[in-house]
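Residue-level structure breakdown
So you can see what is in the structure, the chains are spelled out below.
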Amino acid sequence: MIDNILHPRIIENKDWATLIFVLSFATIAFTKSVFENRFADFTKLIYSDKYNNIYKDGSHLKSGFTIALFLIQIISFSFLIQISLSAFGLASKTDFVLYIQIITFLMYFVLAKFLIEKIIATAFNIDEFIEQFNLQKVIYRTYIGLFLLPINAVLFYYDDLSSNIPLFILGLILIINTLIYFVSIKNYQSLIFSKFFYFILYLCALEIAPYYFMYYWFTKRIV
């Protein structure tokens, strides 16, 4: 008589991720329908400066279009972080609680950084420069997050993901962000050189130090 050995089948719950992806794509579709012309100019950002020239005023940082796509950016980067952790064997990509922790941390980090920047800008009397500089960064990072979302969807449902793929994506994002800084500095060089000392303080305190401490904390936690 043959004994049947039953092995428990572990079924990972991905329903929460499916719901978030569907809501994210629905938000993009809704934003496209409400801001049709603006969205069309935004998608051409990679080869055209039309969007930057039209919406370069700092007041657009708080518009419904920017806020909606900013949320997509946060969702997209949160998925990338969790997928990367999973690829390195540090977490499960289907862990909903972990995703909530990541997206909450990112949201608080970005908002806290934004508020501190506003305080420093007011103290140094560089409000106009900081608003325009931040708008430029938000535009390009949102653009990255928008195109990263479908890639995340594919990677999330793909099993046995190699760690090289998240590494390549993270490296590419780092390179693009570095280029964004150079483009922003070039576009606002007259403002930067007129407030050069304050810009160096801003760069060290709010653009280098936070990411360095995040990297230091993360590597210490892994070790």
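Rules of the game
- Residues numbered from 1 in each chain as written.
- Predicted model: local features only at pLDDT ≥ 70, side-chain atom pairs only at ≥ 80, totals over all residues.
- Heavy atoms only, no water.
- Helix = DSSP H or I, 4+ residues; strand = E, 2+ residues; numbered from the N terminus.
- Buried < 20%, exposed > 50% of the residue type's maximum accessible area, 1.4 Å probe, protein only.
- Contact = heavy atoms within 4.5 Å.
- Phe/Tyr/Trp six-rings, centres within 6.5 Å; stacked < 30°, edge-to-face > 60°.
- Lys NZ or Arg CZ within 6 Å of the ring centre and 35° of its normal.
- Salt bridge = Lys/Arg side-chain N within 4 Å of Asp/Glu carboxyl O.
- Axes fitted to C-alpha atoms, helices over the stretch in contact; angles between N-to-C directions.
- Parallel < 35°, antiparallel > 145°, perpendicular 65-115°, else oblique.
- Nonpolar A, V, L, I, M, F, W, Y, C, P; charged D, E, K, R; others polar.
- Expected span 1.5 Å × (residues − 1).
- Polar contact = N/O pair within 3.5 Å; in protein donor to acceptor, adjacent residues only side chain to side chain.
- Core = buried A, V, L, I, M, F, W, Y, C linked by side-chain atoms within 4.5 Å.

Here Gln 82 is to be found in helix α4 (residues 64–87). Among the residues examined, Gln 82 registers a relative accessible area of 1% and is labelled buried. The residues touching Gln 82, leaving out its near neighbours within four places in the chain, are Trp 16, Ser 92, Lys 93, Thr 94, Asp 95, Leu 98, Tyr 99 and Ile 102.

This part is about the packing of aromatic side chains. Scanning all chains against the criterion turns up 18 aromatic pairs. For the pair Phe 42 and Tyr 51, a centre-to-centre distance of 5.3 Å together with 70 degrees between the ring planes defines the contact as edge-to-face. Here the two residues Phe 42 and Tyr 51 agree in accessibility, since each one is buried. Their ring planes at 80 degrees and their centres at 5.8 Å tell us that Phe 79 and Phe 156 sit as a pair that is edge-to-face. With Phe 79 in helix α4 and Phe 156 in helix α6 (residues 127–156), this pair connects stretches of sequence that are 77 residues apart. Its relative accessible area of 1% is what places Phe 79 among the buried residues. Members of the aromatic cluster, each reached through a chain of ring pairs, are Trp 16, Phe 21, Phe 79, Phe 96, Tyr 99, Phe 156 and Tyr 157. In this structure, Lys 93 packs its charged tip against the face of Phe 156, placed 5.9 Å from the ring centre.

All told, the structure shown has one salt bridge when counted by the stated rule. Asp 41 is paired through a salt bridge with Lys 50; the nearest N and O atoms lie 3.6 Å apart.

A few words now on the packing of helix α5 (residues 96–124) against α6. For the pair α5 and α6, the least separation of the axes is 8 Å and the interaxial angle reads 155 degrees. Relative to α6, the element α5 is oriented roughly antiparallel. Here Lys 113, Phe 114, Glu 117, Lys 118, Ala 121 and Thr 122 of α5 come into contact with α6, specifically with Asp 127, Ile 130, Glu 131, Asn 134 and Lys 137. Residues belonging to the contact of α5 with α6 are distributed by class as follows: three nonpolar, two polar and six charged.

Attention shifts here to α5. Compared with the 42 Å implied by 1.5 Å per residue over 29 residues, the 42 Å span of α5 between its first and last C-alpha is a close match. Here α5 has its buried residues at Leu 98, Tyr 99, Ile 102, Ile 103, Leu 106, Phe 109, Lys 113, Glu 117 and Ala 121. For α5, the side-chain oxygen to backbone nitrogen distance between the N-cap and Val 97 is 3.1 Å, and the N-cap itself is Asp 95. Looking one or two residues past α5, Asn 125 carries a phi angle of roughly 60 degrees, positive in sign.

Right, let's talk about the packing of helix α2 (residues 36–43) against α6 for a bit. Two numbers describe how α2 lies on α6: the axes approach to 11 Å, and their chain directions differ by 85 degrees. Between α2 and α6, the angle falls in the class roughly perpendicular. Contacts from Phe 39, Phe 42 and Thr 43 in α2 reach Ile 139, Thr 142, Tyr 143 and Leu 146 in α6.

Counting 38 residues, the largest nonpolar core has Phe 42 and Phe 79 as the members making the most contacts within it. If you list the elements that add at least two residues to this core, you get α1 (15–34), α2, α4, α5, α6 and α7 (164–187). In terms of residues, this core owes the most to one element, α6, which gives eleven residues. Each residue touching Phe 42, except ones within four places of it in the same chain, is listed here: Tyr 51, Phe 65, Leu 69, Ile 139, Thr 142, Tyr 143 and Leu 146. Counting residues in hydrophobic clusters, the runner-up holds six residues, among them Ile 126, Phe 129, Ile 130 and Phe 133.

It is worth spelling out the environment of Tyr 55 at this point. Along the chain, the position of Tyr 55 falls in the loop between α3 (50–54) and α4. Expressed as a C-alpha distance, the spacing of Tyr 55 and Ile 139, which sit 84 residues apart in the sequence, is 9.8 Å.

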